[in-house]
Amino acid sequence: MNQIFETPMYAYSRHADQDATTPPRHKVIVVGAGPVGLAAAIDLAQQGIEVVVIDDNDRVSTGSRAICFAKRPLEILDRLGCSAPMIDKGVLWNTGKVFFDKRQVYDFNLQEEGGHAFPAFINLQQYYLEKFLVDRVRELQAEGAPIDIRGRNKVSAVGTHPNHVTIEIDTPEGSYNLEADWLIACDGANSPLRAMLGKDFVGRVFEDNFLIADVVMEADFPSERWFWFDPPFNKGQSALLHKQPDGVWRIDLQLGWDIDKDHEKKPENVIPRLKAMLGDDVEFELEWVSIYTFQCRRMEQFRHNRVIFAGDAAHQVSPFGARGANSGLQDTDNLCWKLKLVINGDAPESLLDSYNTERVWGADENIQNSSRSTDFITPKSGMSRVLRDAVLDLSEKFEFARPLVNSGRLSVPCTYDGSPLNSADALDGPDRSRPGSACPDAPLTEGFLLPKLAGKFTLLTIDADAPDVIEEDGITVTRLALSLKNDPTLALKNRYLGEATSGVYLIRPDQHVAARRPSFDDKLFRAAIRRATGKE
Amino acid sequence: MSDLTLTPNIDGADDYYAELLAMHDGLSREESDALNARLVLVLSNHIGNRTVLSQALAAAALKPIK
Ligand SMILES: Cc1cc2nc3c(=O)[nH]c(=O)nc-3n(C[C@H](O)[C@H](O)[C@H](O)COP(=O)(O)OP(=O)(O)OC[C@H]3O[C@@H](n4cnc5c(N)ncnc54)[C@H](O)[C@@H]3O)c2cc1C
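## Structural notes on helix α2 (residues 71–79) of chain A
Think of an α-helix as 3.6 residues a turn; residues three or four steps apart then line up on the same face.
Residues and elements named next belong to chain A.
Next up, step 1: Counting buried residues along α2, eight of its nine residues qualify, which places the element largely inside the surrounding structure.
Next up, step 2: Those residues of α2 that fall on the buried side of the exposure criterion are K71, R72, P73, L74, E75, I76, L77 and R79.
Next up, step 3: On its buried side, α2 packs onto α1 (35–46), β3 (68–70), α3 (83–89), β6 (121–123), α4 (126–142) and α8 (324–343).
Next up, step 4: Positioned one or two residues after α2, G81 has a phi angle of 80 degrees, which is positive.

## Overview of the sheet that holds strand β11 (residues 202–205) of chain A
All names here are of chain A.
Next up, step 1: Sheet architecture is open: three strands sit in the order β11-β17-β20, paired in antiparallel fashion. Two strands in the sheet have a free side with no partner beyond their single neighbour: β11 and β20 (315–316).
Next up, step 2: Sheet topology note: the strand β17 (residues 295–298)/β20 ladder contains two bridges and is antiparallel. Note on β20: the bridge partner recorded for R298 is H315.
Next up, step 3: Packed on one face of the sheet, helix α9 (residues 351–377) meets β11, β17 and β20 and runs near 165 degrees to β17.

## A closer look at the environment of T332 of chain A
Residue and element names in this part refer to chain A.
Next up, step 1: As for its placement among the helices and strands, T332 is situated in helix α8.
Next up, step 2: Look at T332 and you get buried, because its relative accessible area is 1%.
Next up, step 3: Sequence separation between T332 and L38 is 294 residues, and the spatial gap between their C-alpha atoms is 9.6 Å.
Next up, step 4: Ignoring anything within four residues of it in the chain, the contact list for T332 reads V36, A39, A40 and D43.

## Topic: a nonpolar patch on the surface
Next up, step 1: A cluster of nonpolar side chains, contributed by I10, Y16, L39 and L43 of chain B, occupies part of the molecular surface with about 340 Å² of accessible area.
Next up, step 2: In this fold, L43 of chain B is placed in helix α2 (residues 29–47).

## Here's the deal with the pattern of salt bridges
Pairs can form between side chains of opposite charge whenever their charged atoms are close.
All names here are of chain A.
Next up, step 1: Under the definition given, this model contains 45 salt bridges over all chains.
Next up, step 2: A salt bridge links R508 to D510; the nearest nitrogen and oxygen atoms lie 2.8 Å apart.
Next up, step 3: Residue R508 is classed as buried on the basis of its relative accessible area of 0%.
Next up, step 4: We classify D510 as buried; its relative accessible area is 1%.
Next up, step 5: When the shortest N-O distance is used, the salt bridge between R526 and D522 registers 3.1 Å. Of this pair, R526 and D522 both sit in helix α12 (residues 522–532), separated by four residues, roughly a single helical turn.
Next up, step 6: For R526, a relative accessible area of 24% translates into the label partly exposed.
Next up, step 7: Residue class for D522 comes out partly exposed when judged on its relative accessible area of 36%.

Cut-offs applied
- Residues numbered from 1 in each chain as written.
- Chains lettered and ligands numbered in written order.
- Predicted model: local features only at pLDDT ≥ 70, side-chain atom pairs only at ≥ 80, totals over all residues.
- Heavy atoms only, no water.
- Buried < 20%, exposed > 50% of the residue type's maximum accessible area, 1.4 Å probe, protein only.
- Helix = DSSP H or I, 4+ residues; strand = E, 2+ residues; numbered from the N terminus.
- Contact = heavy atoms within 4.5 Å.
- Pairing = 2+ DSSP bridges.
- Axes fitted to C-alpha atoms, helices over the stretch in contact; angles between N-to-C directions.
- Patch = residues over 30% accessible without salt bridge, like charges linked within 9 Å, V, L, I, M, F, W, Y side chains within 5 Å.
- Areas by Shrake-Rupley, 256 points an atom, 1.4 Å probe, with all protein chains shown as cover.
- Salt bridge = Lys/Arg side-chain N within 4 Å of Asp/Glu carboxyl O.

Structure below.
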């Protein structure tokens, strides 16, 4: 059985900083080596920003927790140099079945839109993602990148100052102090840093408990997602079966509110429940079991001067729709290029406020989506149950009701409509690539579009003229000149031009659109660059 | 501007009303609630237009229609 979460991956070792007479100062300290903290550190180190990751543990996440990773996070991980092992290891699936009571009401096939380097999502244990991220940290270290990771280093106190942050760290050999110009708090949903700074974390607790089990079995269930509403083996509740790599299956069983968690977690109580679901003759082994109460909440502000919160520390969602890690990776994607510009003096500090605006917007969208799924799965009133059951009954007979069935909506990237970094839309182009959107991928004659847009400002021109390079107040924008002549599948036309015959896009380092027009205009694009970097 | 039809629009209104009541004959309260819920969903889908649907929700709640 796979137990990579039992092996230390960044074991404690004494660092010279622990013997310093005055607290050493680092550019950026990331607290928390979960998926979000590791991604932030890799992103910064790849751009040459010195970063230290501090974690009170020394290994990857126990049990798998997140299992679904969507297209956008895969695209981000590609830029971070981690997508290949994810795709190699992950499970692809596209059939889902929905059961209500004793019967299957319908099944569906996810019709993927073609022309993307990455699938709509893959299933993979969170511990693999974390392992691949730690592998990438090691690779960067071997290349001499300025990145360090310190296990069994627990932050026990924090002090905030106008231009820096101080932290106290407990280790197996006593405590020491560090200073940082910037601190990124990725210390999870129970964020000790958030508590130390006395910041709020408000929202909604769903009065329900879910038993989450990962079981290893050799059963020949297909690679599908099965979701049950009110099944005979878990009356009045819901259940989910979903495949992961290595013959591991994720099972979620809703248990209701008034339960004794410690009792329910005991294998002798879990196993009969699973047998009732899987059938008596199916052989399985329990890899991991836990019981969760889900919440949807967020901090009011993600930036507190030099302390910036990201991932679960900043916002928490129920897992229906797989938005936790997926949205946390979008946080760091949004933050790191901005922080780099600010650190290098190429943008004002106020650019970081747009991280707050944009990712609070994203968090609200995720919270809304997962609250709605949770409300469908666990109706909160008599009438909401009546309506829910009506949807399910109708879905068996009529196609129209199927889109109303909500057992989790696929995580899709957030479009930052109304962001202060966007310039007004001046192209009569497709809605999906309007300012604020994450650029949709497209196959070109050679390779895909997105890797050509990674990590820097780009001026994408499609059948339009423009200078090869624009320098505007410290920001360098390089042109990527494309033509519908290199558009073998018409994806570029359909996703970026629509009815227009030419287009010029200003694209941010996180591959979001900042501005677009039918043709290049020096004055207007310079204004758009200033706007996208917090200078107007 | 209201797109929701709020003037008489059903041919043979008395017959339709009788048909609607007859659907519930012999049903328990629970079964009737379920039937009504399905009916609402079927009709909503038929209407489809989100503005009209929102106006219908307001009309049903006896609220002013925007
Ligand atoms: C059952 C379940 C299913 C889920 N399914 C999905 C899914 O399918 N898809 C998805 O995207 N998300 C899913 N999630 C959510 C996902 O697991 C989280 O969103 C993700 O782990 C958040 O990552 P993070 O890096 O922000 O925080 P965490 O992974 O919680 O990491 C926080 C880190 O901070 C460290 N830390 C804490 N305190 C300190 C301190 N004082 N000093 C130093 N270090 C500290 C911890 O050791 C830890 O390593 C699921 C969650 C659950 C529970």
